[in-house]
Amino acid sequence: ELHTPGLLGTIRTKLTQALQPDHLEVLNESHMHAVPPGSESHFRVLVVSTHFEGLPLLQRHRLVNEALREELSSRIHALAIQAKTPEQWRSDPTLAKSPQCRGGSKHDSTVVEKLKPELE
């Protein structure tokens, strides 16, 4: 397992430890947003785990958010989550793409906004 540096690596490690995923993709989508180059602020995760079986979407997202609680409270500005069971993944093995940011994610229920206090 190659070690990925930075926040991306932290997200990968924490989700792996918490959910033992069959499949995990972590994308840094910060470049699609109005942030400085090289930023680590906007992420999309695809987690395929047996832990999600029998759980509604909200509960699945809660498990992901719980695993990344520390990062969400400080460093992650936005996190888009796809949480699938292995069976769902086999029937549709695709990672959704985020639309280009237009400045407001309030209409996108897949994005959990965590604004840092100084932005409020």
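Residues numbered from 1 in each chain as written. Predicted model: local features only at pLDDT ≥ 70, side-chain atom pairs only at ≥ 80, totals over all residues. Heavy atoms only, no water.

### Quick look at the overall build of the chain
Here is step 1: Counting its secondary structure elements, the chain contains 4 helices and 4 strands.
Here is step 2: For the chain, the succession of helices and strands along the chain, N to C, is α-β-β-α-α-β-α-β.
Here is step 3: When each of the 120 residues of the chain is scored for burial, the buried share is 40%.
Here is step 4: Taking contacts inside the chain between residues at least 6 apart in sequence as the whole, the part at least 24 apart equals 65%.
Here is step 5: Of the roughly 7,400 Å² that the chain leaves accessible, carbon and sulfur atoms contribute 54%. (Helix = DSSP H or I, 4+ residues; strand = E, 2+ residues; numbered from the N terminus. Buried < 20%, exposed > 50% of the residue type's maximum accessible area, 1.4 Å probe, protein only. Contact = heavy atoms within 4.5 Å. Areas by Shrake-Rupley, 256 points an atom, 1.4 Å probe, with all protein chains shown as cover.)

### Topic: the nonpolar core
Side chains of nonpolar character tend, in soluble globular proteins, to be buried together.
Here is step 1: Core analysis: the biggest nonpolar cluster contains 19 residues, and Ile11, Leu15, Phe43, Val45, Val47, Val64 and Leu79 have the highest contact counts within it.
Here is step 2: Elements with a minimum of two residues in this core: helix 1 (6-19), strand 1 (23-28), strand 2 (42-48), helix 2 (57-67) and strand 3 (78-84).
Here is step 3: By residue number, the principal contributor to this core is helix 1, which donates 5 residues.
Here is step 4: With residues up to four places along the chain from it excluded, the contact list for isoleucine 11 reads Val26, Phe43, Val45, Leu68 and Ile76. (Core = buried A, V, L, I, M, F, W, Y, C linked by side-chain atoms within 4.5 Å.)

### A few points about the packing of helix 1 against helix 2
Here is step 1: The N-to-C vectors of helix 1 and helix 2 enclose an angle of 125°; their axes lie 9 Å apart at closest approach. Classified by the angle their axes make, helix 1 and helix 2 are oblique. Seen along the crossing, helix 1 lies across helix 2 with a hand that is right-handed. Together, Lys14, Leu15, Ala18 and Leu19 of helix 1 and Leu63, Val64 and Ala67 of helix 2 make up the contact between the two elements.
Here is step 2: A per-class count over the contact of helix 1 with helix 2 returns 6 nonpolar, no polar and 1 charged. (Axes fitted to C-alpha atoms, helices over the stretch in contact; angles between N-to-C directions. Parallel < 35°, antiparallel > 145°, perpendicular 65-115°, else oblique. Left-handed = near helix turned anticlockwise from the far one by under 90°. Nonpolar A, V, L, I, M, F, W, Y, C, P; charged D, E, K, R; others polar.)

### Quick look at the confidence of the model for the chain
Here is step 1: Overall, the predicted model of the chain reaches an average pLDDT of 83, with 77% of residues at or above 70.
Here is step 2: Per-element mean pLDDT across the chain ranges from 42 in strand 4 (residues 111-113) up to 97 in helix 2.
Here is step 3: Low pLDDT, under 50, characterises residues 104-120; the predicted model gives this stretch 22 contacts beyond four residues in sequence or across chains. (pLDDT = per-residue confidence, 0-100.)

### Considering helix 2
Here is step 1: Among all positions of helix 2, only Arg60, His61, Val64, Asn65 and Ala67 are buried. For helix 2, the angular spread of the buried residues around the axis is 165°, confining them to a single face. (Arc of directions from axis to C-beta.)

### Here we look at the environment of serine 91
Here is step 1: With respect to the secondary-structure elements, serine 91 resides in helix 4 (residues 86-91).
Here is step 2: Looking at serine 91, the relative accessible area reads 62%, which means it is exposed.
Here is step 3: Among the polar contacts made by the side chain of serine 91, one reaches the main-chain carbonyl oxygen of glutamine 88 at a distance of 2.9 Å. (Polar contact = N/O pair within 3.5 Å; in protein donor to acceptor, adjacent residues only side chain to side chain.)

### Re the pairing of strand 2
In the case of a regular strand, side chains alternate between the two sheet surfaces.
Here is step 1: Of all the 7 residues making up strand 2, 7 are buried; the element is thus mostly covered by neighbouring parts of the structure.
Here is step 2: Side chains His42, Arg44, Leu46 and Val48 of strand 2 all project onto a buried face; the interleaved residues Phe43, Val45 and Val47 project onto the opposite face, where all are buried too.
Here is step 3: As paired elements, strand 1 and strand 2 share 6 bridges and run antiparallel to each other. Paired with leucine 24 across the two strands is valine 47, which belongs to strand 2.
Here is step 4: As paired strands, strand 2 and strand 3 are joined by 7 bridges and run parallel to one another. The residue of strand 3 that forms the bridge with valine 47 is alanine 83. (Pairing = 2+ DSSP bridges.)

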